[in-house]
Amino acid sequence: MSKPVLRVQDLAVTFTSTTGGLLQRRERQIRAVDGISFELNAGETLGIVGESGCGKSTLARAILGLISPNRGRVQWMGEDLTGLDEEALRQKRKQLQIVFQDPVASLDPRMTAGDIIAEPLWTFYPHMERLQVEERTRGMMKMVGLLPNQINRYPHEFSGGQCQRIGIARALALNPRLLICDEPVSALDVSIQAQIINLLRTLQRKLGLALIFIAHDLSVVRHISNRVLVMYMGQAMEVSAKADLYRRPLHPYSNALMKSVPIPDPELARRVRAESWLTGDMPSPFQRPRGCIFHNRCPYRINRCEADVPALRRMESGDWVACHRAEELDLSI
Amino acid sequence: MKQEGILRHAATRLLGLIPTLLVLITIAFFLIRVAPGGPFDSEKALPPEIRANLDAKYHLDEPLLQQYFRYLGQIISGDFGPSFQYKDWSVNELIAQGFPVSATLGGLAMLLAFVIGSLVGIAAALRQNSAADYSIMGVAMLGISIPNFVVAPLLILGVAVYAGWLPAGGWDWSWQRMVLPVVTLALPVIAYIARLMRGSMIEVLHSNFIRTARAKGLPERVVIRRHALKPAILPVISYMGPATAALITGSVVIERIYSIPGLGSYFVQGALNRDYTLVMGVVVFYGVVIIVLNFIVDLLYAWLNPRIRYDETQ
Amino acid sequence: MTRWKPIWVFAVACLAGLAACGDRDSDVGGPISRRPEPVEMVLLEDGQPDRAVLADQQVVRRGNGEEPATLDPHLAIGVPAAHILRDLFEGLTSESADGDVIPGVALRWNISRDARTYTFYLRRDLTWSNGDPLKAEDFVYSLRRAADPATAANAARMLLPILNAREVLAGELPVEELGVSLLDEYSLQITLTGPTPYFLGLLTNPIAYPVNRRNIEEFGEQFSRPGNLVSNGAYVLSDWVPRVEVVLEKNPAFREADRTIVERVHYYPVEDHSTEVKAFRAGEIDWTNEVPNNQFRWLQKNYPDELVVSPWMGSYFLGFNLTREPFIDNPSLRMALVLAIDRQILADKVAQFGEQPSFSLVPPGMDGYVPFVPEYADWTQEERNHEARRLFEQAGYSEERPLRVEIRYNTSENHKKMALAVASMWKQVLGVNTTLVNEEFRVFLQNREQKVVTQVFRAGWVSDYNDPYSFLELFRTGHGRNDYGYSNSTFDALLDEIGTERVRARRERLMFEAERVLMIDNVIVPIYTYVTKRLVSRQLRGWQNNVMDHHQTRHMFKLRLRGDPAAEPAAPEQPDEPVSAEEPPQAAAEEPAPEGEPEGQEP
C-alpha cells in the first residue's frame, strides 16, 4: 500500500453539557470521541461502524475541522489540520469533503440543484465564468446520474435518492481527494441504498478518492470498505481488514455487531439489539465504566477487564484490537 | 408561470376581501348599536325636543335595518359619514388626518424594530448560551414585560423634562417629536423580534443544510447571509404582518401620553362616545389594513419559500 | 465576559429605575432651581401692564384637555371648545377676568319690571373679523339658528328661558316665533317665559354667540374651519389641526384690540394630565388644563408658585335610588349612611386637592347664595357616628342583620378610591357590607337613568351657569337627570315659585328652603365641592380665579424674564394706553350671573 494521505492520531472531542440556571451551573463532560487513531491511504476506503451515538459523526466532523478537537492531531498530506486557523481550514474544503446522512434536509430548500452544486465553485473560484460553472455543474449532475435539465429544480422536487446524488455531486464539485460519507444511505430505501453505494464505489475508483464510509451496521460497510474501524463510546475497538473482520472478528463488540440482524427501522433495531445480543445497557456517557469501556456488556469479561484499560494493539495479522483477551478468544463466524 | 400564479393568487385574495369586510361591517354595526347608551348621552340630560332633533339629524330615528342599509350605501360610495363627536369633520377626514401620523410612527417603529431586533437576535443566536446571549435576552425580556405606559413617561421625564433634548409631546411632523414615540412603540417589538429571531436562527443554524453549507467551505458570514437568513426570518415575517397592522393603526396609550393625533384614539374615543360613524369608519379601515398586510406577508412568504410558490401554481 | 458588562449595568439600571419610580414619575429634583424668574409686575393707572415688563413674544400656550368637538359656537359641547370659543366670539354680554358679567357687544340693556323683557342696545361701529358690520340682526339670526331644530344644537337647552324656545325646538312653532325681535339696526329685544336672574350670564355662553350669516351661507357646515371662520371676538381662528392644536391670532377688528396684549394663543388638546404636567415642566406650555390627582403634594412642594387651586361651582356626591330597596321609604337608613362618613378625611386624604368637605348640595360661592347647612355639620364625627348607629338600628339593621349595599360608579381611579373610602367608613361605623361596581360611563348613565339595578351611585354636578337653581332643578319630579327617583310635591312647588320670583332676596330664600327640604329628605350623600387645579407659568398674568373657571386670553399678558437681555436696555416708556372711555352706564342694574360649563361628567 502507498503512503497514508490521512493520519489521525489520538483524536478526542469533548462536549460540555450545562445544566441548571445561571447561578447553580453544573458542567459535565461528554467524551464523544476519545482518542481515535488510524491511517488512510489514497484510494482506500475505511468503513466506520458503531451504534448510534458512539461518536462516528463527531469523528467525521472533527477530521474535517468542522468541530475543533480537544486533543490529538489530524494530518492531511503531512500537514496538521488541527493547528490551522479558520480560513486555512476553509481552503482545505477543496480537498476534504463530506456527504451527509439526511439527503433532503441537507440541501438548502431555497436553492436550485444547480446552485447547490455550483456554490462551492462560486466560493473557491469567484472568477470562474458563469458558463463554465454551469457546464461543470451539468457535468457533475451527469456524473452522479442526474439529468442535466433538472438543474433549475428545487430539492423538494427530487426523491431522496436523487437528493443524495445532488449531495454527492456537490461534494465532488471541487474535486476533493478525501470524501467522508456520513451514513449516506441510512435514510434511504433499501433498493436505493444499493444504487448509491454502487455510485460511490464507481466514483471512488474513477476519481481515485480516499473514502471514509460511516454506517451503523456492518452489512452496508461490507460492500465498499477495504478496512473497517469498529467504534464504541468514542473509542476504537478494532480496526481490521474487511476480509479478516467478516471472517473472524477480534473484538467481542465486533462480534456482537456482526450477529446483529439488520433491521430497517433504526429505533426498533436499537431496542431489539439491546435486548437480544448485548447484555446490559449502554452506559451513560457521564459514567464511563472503568477499565475496558465495553466490559459491563461483554459476555467474555474477566476481572482484568474491570481494572485495566486495554490498549489498541497490533495483532500479527496487521489488524488492530483493544481487548485483553483478543488472542485467546476465537470469535469466528 | 410563477408570476401568473402569484397574480391569480392576489386577485383571489382581493376578491375574498369583500365578503370578509361585509361580515365585519355587519357585526360591527350591530355590535356598537347593542352597546348601552347613545352618542348624545351625557350627565347633562337633554330635553326630549333637542334629543329628537339630534336623532333626526343623524337618522337615528329610523328603524335599525334602514340605518344599516343607509350606511352600507354610504360605504360603497366611499363615504364614512360625519363624526357624531367631532362635528366639524367627516370620518373620512379624521382618518385621512390620523392615519398618516400613525402609519409614519408605526412604520418607522416597525422598521427600527425589524432592523435592530433582527440584528440583536442574530447576534445572540451566534453566541448562543454565552454571557452576551443571556444579557441580550434578559434585556429583551425586560423590553417585552415593561408596558409602554411605564416606558413612555420615563422617557419623557428623562429626555424631555430633565435633559431637555426633545419635546415632551405634541405633533408637527418634525423628527424631534417622532423620536420618543417611535422608540416607545419599537421597544417591545424589538424585544419580541429579537427573541423570535434568536430562536429561529438557532434552529436554522442547527439544521442540516447549514451544516452542508459550512462543509462546502463557505465563510460563516456567507452561510448566515445566503442560507440561514431567509428561513430564519420567516417566523419574524409572519409575526410582522399583524404586528405592523397593530402599529400603524395607532396606539391609544402612546397617543395619549405623547399627545399624538393618530388613529388609535379615534377608535377608543369613538367607542366610548358611541360615535357610531367614527367607530365604524375606523373598524372598516382597520379591517382593510389588516387584510392588506396579511396579503403582503403572504406574498413575502411566497418569495422567501419556493415550496409555497410551487404549490400555488399547481 | 468583561465585554458585556455595560449590558448588565444597563439591565440593572433599568430595573432599579423601574423600582424607584413606581407609578409616580415625580421624584427627582429636576431643573427647579434653574427655572427662570419673571420680572416684577408693574401696572399703569388704567390697569394695563407697563410695556417695560412685558415679554417681547406675547404668545400663550394653553393645555386644553380634550380635542374640541366643534368650533361652531351653537353646536359646541364640552369645556375645551368653550375655552376657545370665548376667545373667538363675544356675545351681548361678556365676562371680566374675575368672572363678573360685563357689557359685551351690547353696550347697555334695559330689563322690564316683570323681568321678562330684555332690551339690548349694541355698540355701534363694531365689525366682524371680515369687515362686515356687526348689527342687531346678526343676533336675531344667530339665536334663531341656535334654536332651529335643523341645527340640532345640544346646548339649545340653555335657550329654554326664552319665550317659545321649547315650541320652536320641538318643531311646533317656526323659528320666527322665538321670543327675539329686532327693534332697529342696533337694538333688539328678548322676551322670556319667566324671570331668569341668570339670563345675562347665559348670554356669555357660546350658544348665544353671534355667527356671521354670510359666512355660514358661503361655507355651510365647513364654516368653522380655519380660513373660513369669521368671528367677532378678541381672536380669530388661524389654524386647527385636529388633536394637534388650535391656533388663534389677535383680531385687529376687535373693539378692544388695542388693550389686548397676547398676540397669539395655542390651544393644545393634551388628554393625559401627567403628559400635560411634563410639557409644562419642559416649558412647552404656560397653562395646564388639569394636574394629576396623585401629584398634588409633589407639585405643592416643587411648584408652589405655579400650582393654582381655586373653588369651582361643582359638587361631588353619592345618590340614593329612592325607588328600590333598601332606600325606598327608609329615611333613617339614608340619614345613617349620610352621617357615618368623615368628610374631612375624604376631602383631605382621598380627594387631596384642597376640595372642601360638603354637607349640602349647592357649592358655596355661587352668586352670593349661602347654602343650607344641616345641624349635624357642627357635630363632631363621633357624635355623627353615634347618631348614625342609632338611626341604623331604628331602620332595622344591626351587627346581626347587617346591611348589604352596592356603590356603583363609572370606571375611574378617583371614583374607585372615593367609593372604597366611603365603603370602609360605613363598614367601620355601621358594619355595612358594601360591594363596589364599576361600569363604562354610558352604561353607568343608562343604569342610573333606569333606576332598576342601582342602589347608591356616584353623582355630581358642575353647573351650567352661576345660579343655585341649576343644582336644585335636577331633583324635580320627572327631570331627565333625576336618577334618584326623588319626588316631593313641596320641593316641586318651591321650584315653581323660584321660577317666577323676581325679587332676588325672596328668590334666594326660596332656593334655601328647597335645598333644606332636599337635604332633610337625604336624597344624596354630600361629599365635597370641586376645585379647579392647574399649573400656570409665573410669566403669565392678568387672569384671575373665578368659580366658573372662565379665563379669556384677552385679559392675559406675559411678563419678561429676569436677565432677558432685551429687558434692561430698551424700555421705551409708552404709557399712552388709551383708557377705555366707554363705561357701562347701567350694566349692573340686575345682578350679573355668568354662565357655567356644560359637562358635569367625569371630572
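Residues numbered from 1 in each chain as written. Chains lettered and ligands numbered in written order. Predicted model: local features only at pLDDT ≥ 70, side-chain atom pairs only at ≥ 80, totals over all residues. Heavy atoms only, no water.

A. Region of interest: the overall build of chain B. For chain B, the helix and strand inventory stands at 13 helices and 0 strands. Along its sequence from the N terminus, chain B presents helices and strands in the succession α-α-α-α-α-α-α-α-α-α-α-α-α. Along the longest, intermediate and shortest principal axes, the C-alpha atoms of chain B span 85 × 60 × 30 Å. Buried positions account for 55% of the 314 residues belonging to chain B. Element-wise, carbon and sulfur atoms account for 68% of the exposed surface of chain B, whose accessible area totals about 13000 Å². Taking the average location of the 24 positive side-chain charges in chain B and that of its 19 negative ones, the two points are 16 Å from each other. (Helix = DSSP H or I, 4+ residues; strand = E, 2+ residues; numbered from the N terminus. Buried < 20%, exposed > 50% of the residue type's maximum accessible area, 1.4 Å probe, protein only. Areas by Shrake-Rupley, 256 points an atom, 1.4 Å probe, with all protein chains shown as cover. Lys, Arg positive; Asp, Glu negative; His and termini not counted. Charge placed at Lys NZ, Arg CZ, Asp CG, Glu CD.)

B. Focus on the overall build of chain A. Across its full length, chain A holds 11 helices and 12 strands. In terms of overall dimensions, chain A is globule-like: its C-alpha atoms have a radius of gyration of 21 Å, near the 20 Å expected for 333 residues. Each of the three principal axes of chain A carries a C-alpha extent, and together these read 70 × 50 × 40 Å. Relative to its 333 residues, chain A shows a buried fraction of 52%. Contacts spanning at least 24 positions in sequence make up 66% of the contacts within chain A whose residues lie at least 6 apart. For chain A, the accessible area works out to roughly 15300 Å², and carbon and sulfur atoms hold 48% of it. Taken together, the 43 basic and 36 acidic charged side chains of chain A have centroids lying 2 Å from each other. (Rg over C-alpha atoms; globule rule 2.2 N^0.38 Å. Contact = heavy atoms within 4.5 Å.)

C. Spatial organisation of the sheet that holds strand 8 (residues 210-215) of chain A. Residues and elements named next belong to chain A. Ordered by their spatial adjacency, 8 strands build an open sheet running 6-7-8-3-9-10-12-11, and the pairing between neighbours is mixed. Edge positions in the sheet fall to strand 6 (96-99) and strand 11 (313-314), since each has one partner strand and no second. Where strand 11 and strand 12 (residues 320-321) come together, 2 bridges link them in antiparallel fashion. The partner of Arg313 across the bridge, within strand 12, is Val321. On the sheet, helix 9 (residues 252-259) packs against strand 3 (45-49), strand 9 (227-232) and strand 10 (235-241) and is oriented at approximately 100° with respect to strand 9. (Pairing = 2+ DSSP bridges. Axes fitted to C-alpha atoms, helices over the stretch in contact; angles between N-to-C directions.)

D. Up close: the side chain of Glu406 of chain C. Residue and element names in this part refer to chain C. Inspection of the secondary structure assignment puts Glu406 in strand 13 (residues 404-410). Polar side-chain contacts of Glu406 include one of 2.9 Å to the side chain of Arg408. Residues within four places of Glu406 in sequence aside, it is in contact with Thr435, Val437, Val453, Thr454, Gln455 and Val456. (Polar contact = N/O pair within 3.5 Å; in protein donor to acceptor, adjacent residues only side chain to side chain.)

E. Quick look at the nonpolar core. Core analysis: the biggest nonpolar cluster contains 190 residues, and Phe120, Leu188, Ile190, Leu361, Trp426 and Phe475 of chain C have the highest contact counts within it. A per-element tally of this core places helix 12 (residues 276-304) of chain B first, with 12 residues. Beyond its immediate stretch of four places on either side in the chain, Phe475 of chain C contacts Phe317, Leu361, Asn482, Tyr484, Tyr486, Phe491, Asp492, Leu518, Val523 and Ile524 of chain C. With 65 residues, the next largest nonpolar core counts Val161, Leu185 and Leu205 of chain B together with Val277 of chain C among its residues. (Core = buried A, V, L, I, M, F, W, Y, C linked by side-chain atoms within 4.5 Å.)

F. Representation of the packing of aromatic side chains. The final tally for this structure, using the stated rule, is 38 aromatic pairs over all chains. Consider the rings of Trp298 of chain C and Tyr303 of chain C, whose centres lie 5.8 Å apart with planes at 45°: the pair is tilted. Assessed through its relative accessible area of 9%, Trp298 of chain C is described here as buried. Residue Tyr303 of chain C is classed as buried on the basis of its relative accessible area, which comes to 1%. An aromatic cluster of three or more residues is present, and its members are Phe29, Phe30, Tyr68, Phe69 and Tyr71 of chain B. (Phe/Tyr/Trp six-rings, centres within 6.5 Å; stacked < 30°, edge-to-face > 60°.)

G. Examining the pattern of salt bridges more closely. In this structure the tally under the stated criterion is 61 salt bridges over all chains. Residue Asp10 of chain A pairs with Arg71 of chain A through a salt bridge whose shortest N-O separation is 3.2 Å. On the criterion of sequence distance, the pair formed by Asp10 of chain A in strand 1 (residues 4-19) and Arg71 of chain A in strand 4 (residues 71-76) is long-range, its members being 61 residues apart. Assessed through its relative accessible area of 35%, Asp10 of chain A is described here as partly exposed. By relative accessible area, which is 39% here, Arg71 of chain A ends up partly exposed. Its salt-bridge partner being Asp286 of chain C, residue Lys558 of chain C comes within 3.1 Å of it at the nearest N-O pair. Here Lys558 of chain C is found in strand 18 (residues 557-558), whereas its partner Asp286 of chain C is found in the loop between helix 7 (273-281) and helix 8 (296-302), with 272 residues between them in sequence. We classify Lys558 of chain C as buried; its relative accessible area is 7%. Several salt bridges share partner residues, and in doing so they unite Asp10, Arg31, Asp34, Arg71 and Arg288 of chain A into one network. (Salt bridge = Lys/Arg side-chain N within 4 Å of Asp/Glu carboxyl O.)

H. Expanded view of helix 13 (residues 441-450) of chain C. For helix 13 of chain C, a buried count of 7 out of 10 residues is recorded, marking the element as mostly surrounded by other parts of the structure. Every buried residue of helix 13 of chain C is listed here: Phe441, Arg442, Val443, Phe444, Leu445, Asn447 and Arg448 of chain C. Tucked inside the fold, the buried residues of helix 13 of chain C contact helix 11 (264-272) of chain B together with strand 13, strand 14 (433-439) and strand 15 (456-462) of chain C. Of the residues flanking the end of helix 13 of chain C, it is Lys451 of chain C, one or two places downstream, whose phi is positive at about 55°.

I. View of the environment of Asp98 of chain C. Residue and element names in this part refer to chain C. By the secondary structure assignment, Asp98 is in the loop between strand 2 (93-95) and strand 3 (101-103). The exposure class assigned to Asp98 is partly exposed, which follows from its relative accessible area of 34%. For the pair Asp98 and Asn546, spaced 448 residues apart in the sequence, the C-alpha separation amounts to 5.4 Å. Other than its neighbours up to four places away in sequence, Asp98 contacts Gln544, Asn545 and Asn546. Within the local environment of Asp98, its side chain forms a polar contact with the side chain of Ser96, the two groups lying 2.5 Å apart. Among the polar contacts made by the side chain of Asp98, one reaches the main-chain amide nitrogen of Asp100 at a distance of 3.2 Å.

J. Up close: the layout of surface pockets. In this structure, the second largest pocket occupies an estimated 1200 Å³ of space. Considering the residues around the second largest pocket, the lining is formed by 32 residues, among which Gly65, Leu66, Ile67 and Ser68 of chain A together with Arg214 of chain B are closest to the centre. Going through the elements one at a time, helix 1 (56-64) and helix 2 (86-91) of chain A together with helix 4 (91-126), helix 7 (175-205) and helix 8 (208-216) of chain B are the ones with two or more residues in the lining of the second largest pocket. For the lining of the second largest pocket, the per-class residue count stands at 17 nonpolar, 8 polar and 7 charged. (1 Å grid on protein atoms, 1.4 Å probe; cavity = no way out; pocket = protein on both sides within 12 Å on 5 of 7 lines; lining within 4 Å. Points joined across faces, edges and corners; volume = space filled by probe spheres on them. Nonpolar A, V, L, I, M, F, W, Y, C, P; charged D, E, K, R; others polar.)

K. Spatial organisation of the pairing of strand 13 of chain C. All names here are of chain C. For strand 13, the buried fraction is high: 6 of the 7 residues fall into the buried class. Here strand 13 runs beside strand 14; their pairing, made up of 7 bridges, is parallel. Bridge assignment links Val405 to a residue of strand 14, and that residue is Thr434. Handedness of the crossover joining strand 13 and strand 14 through helix 12 (residues 413-430) is recorded here as right-handed. Relative to strand 15, strand 13 runs parallel, the two being bridged by 2 bridges. (Right-handed = clockwise from strand over helix to strand, strands pointing away.)

L. Structural view of the arrangement of the chains. Between chains B and C lies the most contact-rich interface of the 2 pairs of chains that touch. Note that chain A does not reach chain C: the shortest distance linking a C-alpha of one to a C-alpha of the other is 14 Å.

M. Spatial organisation of the confidence of the model for chain B. Residues and elements named next belong to chain B. Looking at chain B, pLDDT values average 86 and 95% of them are 70 or higher. Considering each helix and strand of chain B separately, the mean pLDDT is smallest for helix 13 (residues 306-313), with a value of 52, and largest for helix 4, with 93. Counted against residues more than four places away or in other chains, residues 310-314, with its pLDDT under 50, gives 6 contacts. With a pTM of 0.79, the predicted complex shows an ipTM of 0.86. (pLDDT = per-residue confidence, 0-100.)

N. View of the interface of chain B and chain C. Across the boundary between the two partners, chain B contributes 58 residues, which contact 76 residues of chain C. When chain B packs against chain C, the two sides together hide about 5600 Å² of surface, and 58% of this comes from carbon and sulfur. Linking chain B to chain C there are 24 residue pairs in polar contact (both at pLDDT 80 or more). Listing elements by their share of the side of chain B that touches chain C, those giving two or more residues are helix 2 (48-57), helix 4, helix 5 (131-145), helix 6 (148-162), helix 10 (252-258) and helix 11 of chain B. With 8 residues, the single largest contributor to the side of chain B that touches chain C is helix 6 of chain B. Of the residues that constitute the side of chain B that touches chain C, the class distribution is 33 nonpolar, 13 polar and 12 charged. (Buried area = accessible area lost by both parts, 1.4 Å probe.)

O. Inspection of helix 16 (residues 504-520) of chain C at higher detail. All names here are of chain C. Across its 17 residues, helix 16 extends 24 Å between first and last C-alpha, which sits within 8% of the 24 Å expected from 1.5 Å per residue. If you check which residues of helix 16 are buried, you get Arg507, Leu510, Met511, Ala514, Glu515, Val517, Leu518 and Met519. On its buried side, helix 16 packs onto helix 14 (469-472), helix 15 (489-500) and strand 16 (524-535). Just beyond helix 16, the residue with positive phi is Asn522, at close to 50°. (Expected span 1.5 Å × (residues − 1).)

P. Summary view of the interface of chain B and chain A. Tallying the contact residues gives 23 residues for chain B and 29 residues for chain A. When chain B packs against chain A, close to 2300 Å² is buried across both sides, 58% of that on carbon and sulfur atoms. By the criterion of area lost to chain A, the three top residues of chain B are Arg211, Ala215 and Lys216 of chain B, representing 28% of everything that side buries. Taken together, the connections running from chain B to chain A amount to 2 salt bridges. Here Arg226 of chain B makes a salt bridge to Glu119 of chain A, at a shortest N to O gap of 2.5 Å. At the junction of chain B with chain A, the criterion picks out 9 residue pairs in polar contact (both at pLDDT 80 or more). Secondary-structure elements contributing two or more residues to the side of chain B that touches chain A are helix 8, helix 9 (220-248) and helix 13 of chain B. A per-element tally of the side of chain B that touches chain A places helix 8 of chain B first, with 7 residues. Of the residues in the side of chain B that touches chain A, the class split is 10 nonpolar, 5 polar and 8 charged.

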